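A structural walkthrough
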Amino acid sequence: MRKGKELRLLNLLVRSSKRNDREITVLNRGKRGRPYKYPHSFMLFLAFLHVAFLLFRQLEGFLRGLDKAGVDYTWDTLDTPEDPAGIISTLESYIQGHPELDVIDGVDGETTNRITIALKELGYPPKKIIVVGSDVMEYSAQGIKEGYIECTFTQGQYLQVQLAAIQLLNKVLYNFPMFSMKFPGIHVTADIVDIFAPK
């Protein structure tokens, strides 16, 4: 697996109907046929939800709920550097520049591990911004306990290997297509964080 900046992504949900309108205008510039109704960033958000959490009907219910509540969200992706200080600095700059920020989704363990530090350094209280993320490391475990992080999504140490073996077996025995299973994972909340926290 390659390591590098492209793997250090922090996905951010930012409420902004003006940004949606701008993105759709750009997408439809010079387009033939029926215009796009939804921005590309929203499609990325839905793809993430579908791959990580929701089956098709659940995703449909989620979207209907957003529509019924009148919620308009967009999805930003922020590249973060590999070094911890750089991650914190990048997070702080983005958060300060986006006061409308509602949700942060850290898609890798290193970034999630630094979100609590950035929020504390900026003087944010717990739960002012909803934070979810990946894996359980030292500072992310602390953030879950203190209420800065709602939950993280983690795969047990051997789950990825076991899932690959199960999929291969299903292919050989039953001719199931590969990658037809959702990946298993655990939502780590304050109730169970001590089980997964580094010792």
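Residues numbered from 1 in each chain as written. Predicted model: local features only at pLDDT ≥ 70, side-chain atom pairs only at ≥ 80, totals over all residues. Heavy atoms only, no water.

**Here's the deal with a nonpolar patch on the surface**
Together, Leu168, Leu169, Val172, Leu173, Tyr174 and Phe176 give the surface a local cluster of nonpolar side chains, amounting to about 650 Å² of exposed area. Within the fold, Phe176 resides in the loop between α7 (159–174) and β6 (186–188). (Patch = residues over 30% accessible without salt bridge, like charges linked within 9 Å, V, L, I, M, F, W, Y side chains within 5 Å. Areas by Shrake-Rupley, 256 points an atom, 1.4 Å probe, with all protein chains shown as cover. Salt bridge = Lys/Arg side-chain N within 4 Å of Asp/Glu carboxyl O. Helix = DSSP H or I, 4+ residues; strand = E, 2+ residues; numbered from the N terminus.)

**Description of the packing of helix α5 (residues 109–121) against helix α6 (residues 138–146)**
For the pair α5 and α6, the least separation of the axes is 6 Å and the interaxial angle reads 55°. For the element pair α5 / α6, the angle class is oblique. Note that α5 runs across α6; the crossing there is left-handed. Two secondary-structure elements touch here, α5 through Thr112, Asn113, Arg114, Thr116, Ile117 and Lys120 and α6 through Glu138, Tyr139, Ser140, Gln142, Gly143 and Glu146. Grouping the constituent residues of the contact of α5 with α6 by class yields 2 nonpolar, 6 polar and 4 charged. (Axes fitted to C-alpha atoms, helices over the stretch in contact; angles between N-to-C directions. Parallel < 35°, antiparallel > 145°, perpendicular 65-115°, else oblique. Left-handed = near helix turned anticlockwise from the far one by under 90°. Contact = heavy atoms within 4.5 Å. Nonpolar A, V, L, I, M, F, W, Y, C, P; charged D, E, K, R; others polar.)

**Focus on the pairing of strand β4 (residues 130–134)**
Where strand β3 (residues 101–106) meets β4, 3 bridges bridge the pair, whose relative direction is parallel. Each residue of the ladder has a partner; that of Asp105, found in β4, is Val132. Crossover connection from β3 via α5 to parallel β4: handedness right-handed. In terms of strand pairing, β4 meets strand β5 (residues 151–154) through 3 bridges, oriented parallel. (Pairing = 2+ DSSP bridges. Right-handed = clockwise from strand over helix to strand, strands pointing away.)

**Observations regarding α6**
Of the positions making up α6, those classed as buried are Ser140, Ala141, Gly143 and Ile144. Buried residues of α6 fall within an arc of 160° about the axis and therefore sit on the same side. More than 90 degrees from the buried face of α6, the exposed residues found are Glu138 and Lys145. Immediately downstream of α6, the backbone of Gly147 shows phi near 90°, a positive value. (Buried < 20%, exposed > 50% of the residue type's maximum accessible area, 1.4 Å probe, protein only. Arc of directions from axis to C-beta.)

**Observations regarding the nonpolar core**
In this structure, Ile95, Ile104, Leu119, Ile129 and Val131 are the most contacted members of the largest nonpolar core, which totals 23 residues. Those elements that place two or more of their residues in this core are α4 (84–97), β3, α5 and α6. Excluding its chain neighbours within four sequence positions, the residues that come into contact with Ile95 are Leu101, Ile104, Leu119, Leu122, Tyr124 and Ile129. (Core = buried A, V, L, I, M, F, W, Y, C linked by side-chain atoms within 4.5 Å.)

Remember that the coordinates give geometry; whether it matters functionally is a separate question.
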